[in-house]
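# Structural features, examined
In case you want the letters, here they are:
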Amino acid sequence: MITYNHENVAMPKIRRRDTSAWIKQVAASYGKKIGDVGYLFVDDEKILEVNRQYLGHDYYTDIITFDYDEGDTINGDIVISLDTVRSNAEEQGTNYDDELHRVIIHGILHLCGINDKGPGEREQMEAAENRALSMLTVER
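First, a word on scope: everything that follows refers to the structure included in this document. Every chain is numbered independently, its residues counted from 1 as its sequence is written. Selection of residues for local features in this predicted model requires a pLDDT of at least 70, selection of side-chain atom pairs for listing and counting requires 80 or more, and totals for whole chains, interfaces and linings are taken over all residues. The side-chain quantities take in all heavy atoms of the structure and omit both hydrogens and water.

## A closer look at the environment of Val26
Selection criterion: Labels follow the DSSP assignment, with helices taken as runs of H or I lasting at least four residues and strands as runs of E lasting at least two, numbered in each case from the N terminus. Residue exposure (1.4 Å probe, protein chains only): buried if accessible area is under 20% of the type maximum, exposed if over 50%, otherwise partly exposed. When checking whether two residues touch, look at their non-hydrogen atoms; a contact exists if any pair is within 4.5 Å.
Topologically, Val26 is positioned in helix 1 (residues 16-29). With relative accessibility at 1%, the residue Val26 sits in the buried group. Spatially, the C-alpha atom of Val26 lies 8.9 Å from that of Arg131, the residues being 105 residues apart in sequence. Those residues in contact with Val26 that sit more than four places away from it in its chain are Ile105, Leu109, Ala132 and Met135.

Dropping the structure here:
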């Protein structure tokens, strides 16, 4: 089950059923099933609080993924700062909805085992994001 919640921000205008179907399709392309995945959309201050409390990091970020996977079943919590998503879209000259979907799937890709911190991993993550986004059929 995929759940969508929000705190300190308005719920983003995503088509939940279509987005969930897309997420499941992307996970399946990596041989994974969706178990319990919870999205929490927040503001910058809340994600900074989460980053400090759970990861010991003192900076803003667009996404934090907590991985509770069990074998081939994806379980996790994904916290997304809509403030940072918006500022990233502006900085990169991209559409906000496109950037939001990129971040939404970024967390799933982490849960599928794709990393982005080591040498060459950022490029692999970007390629995986682009493949996943090409599968998106949600009307935006």
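There is more to say after this.
## Structural notes on the packing of helix 3 (residues 82-92) against helix 4 (residues 96-111)
For clarity, the cut-off: Axis definition: a line fitted to C-alpha atoms, over the contacting stretch in the case of helices. Angles run 0 to 180 degrees between N-to-C directions. Oblique is the label for any angle not under 35 degrees, not over 145, and not in the 65 to 115 range, which are roughly parallel, roughly antiparallel and roughly perpendicular in turn. Handedness of a crossing follows from how the near helix is turned relative to the far one, being left-handed for an anticlockwise turn of less than a right angle and right-handed for a clockwise one.
Direction vectors running N to C along helix 3 and helix 4 enclose 120°, while the axes themselves pass 9 Å from each other. When the axes of helix 3 and helix 4 are compared, the pair comes out oblique. Along this stretch, helix 3 crosses helix 4, giving a crossing that reads as right-handed. Contacts from Leu82, Val85, Arg86, Asn88, Ala89 and Gln92 in helix 3 reach Tyr96, Glu99, Leu100 and Val103 in helix 4.

## With respect to the sheet that holds strand 4 (residues 73-81)
Quick note on the threshold: Between any two strands, pairing holds if DSSP finds at least two bridges.
Strand order in this open sheet of four strands is 1-2-4-3, and the pairing throughout is mixed. The open sheet has two edge strands, strand 1 (2-6) and strand 3 (63-67), and neither has a second partner. Here the strands of the sheet are splayed against their neighbours by 15° on average, with no regard to which way each runs. As judged from the eight bridges shared by strand 2 (residues 33-42) and strand 4, these two strands associate in the parallel manner. Note on strand 4: the bridge partner recorded for Gly38 is Asp77. On the sheet, helix 2 (residues 44-55) packs against strand 2, strand 3 and strand 4 and is oriented at approximately 40° with respect to strand 3.

## Some remarks on the pairing of strand 4
Of all nine residues in strand 4, seven are buried; the element is thus mostly enclosed. In terms of strand pairing, strand 3 meets strand 4 through five bridges, oriented antiparallel. Bridge pairing in strand 4 links Phe66 to Asp77.

## So, the nonpolar core
Filter applied, for reference: By nonpolar core we mean a set of buried residues, namely Ala, Val, Leu, Ile, Met, Phe, Trp, Tyr and Cys, connected to one another through side-chain atoms within 4.5 Å.
Counting 34 residues, the largest nonpolar core has Trp22, Ile23, Tyr39, Phe41, Ile80, Ile104 and Ile108 as the members making the most contacts within it. Take this core: its biggest share by element is eight residues, from helix 4. If we skip the residues at most four places from it in the chain, Ile108 touches Ile23, Val37, Tyr39 and Ile78. Membership of the second largest hydrophobic core comes to six residues, among which are Val42, Ile64, Phe66 and Val79.

## Here's the deal with the packing of helix 1 against helix 4
Note the following rule: Side-chain classes follow a simple rule in which Ala, Val, Leu, Ile, Met, Phe, Trp, Tyr, Cys and Pro form the nonpolar group, Asp, Glu, Lys and Arg form the charged group, and the remainder, Gly included, forms the polar group.
Direction vectors running N to C along helix 1 and helix 4 enclose 40°, while the axes themselves pass 10 Å from each other. By the angle between their directions, the pair helix 1 and helix 4 is classed as oblique. Between helix 1 and helix 4 the crossing geometry is right-handed. Judged by residue contacts, Thr19, Trp22, Ile23 and Val26 of helix 1 engage His101, Ile104, Ile105, Ile108 and Leu109 from helix 4. Considering only residue class, the contact of helix 1 with helix 4 consists of seven nonpolar, two polar and no charged.

## Brief notes about the layout of surface pockets
Let me state the cut-off plainly: Think of a 1 Å grid over just the protein atoms. A cavity is a set of points where a 1.4 Å probe fits yet cannot get out, a pocket is an open set with protein on both sides within 12 Å along at least five of seven lines, and lining residues have an atom within 4 Å of a point. Grid points are joined across faces, edges and corners, and a volume is the space filled by probe spheres set on the points.
As a volume, the largest pocket reaches approximately 370 Å³. For the largest pocket, the lining is made up of 16 residues, of which Ile63, Ile64, Thr65, His110 and Lys117 are closest to its centre. Its residues assigned to classes, the lining of the largest pocket shows four nonpolar, seven polar and five charged.

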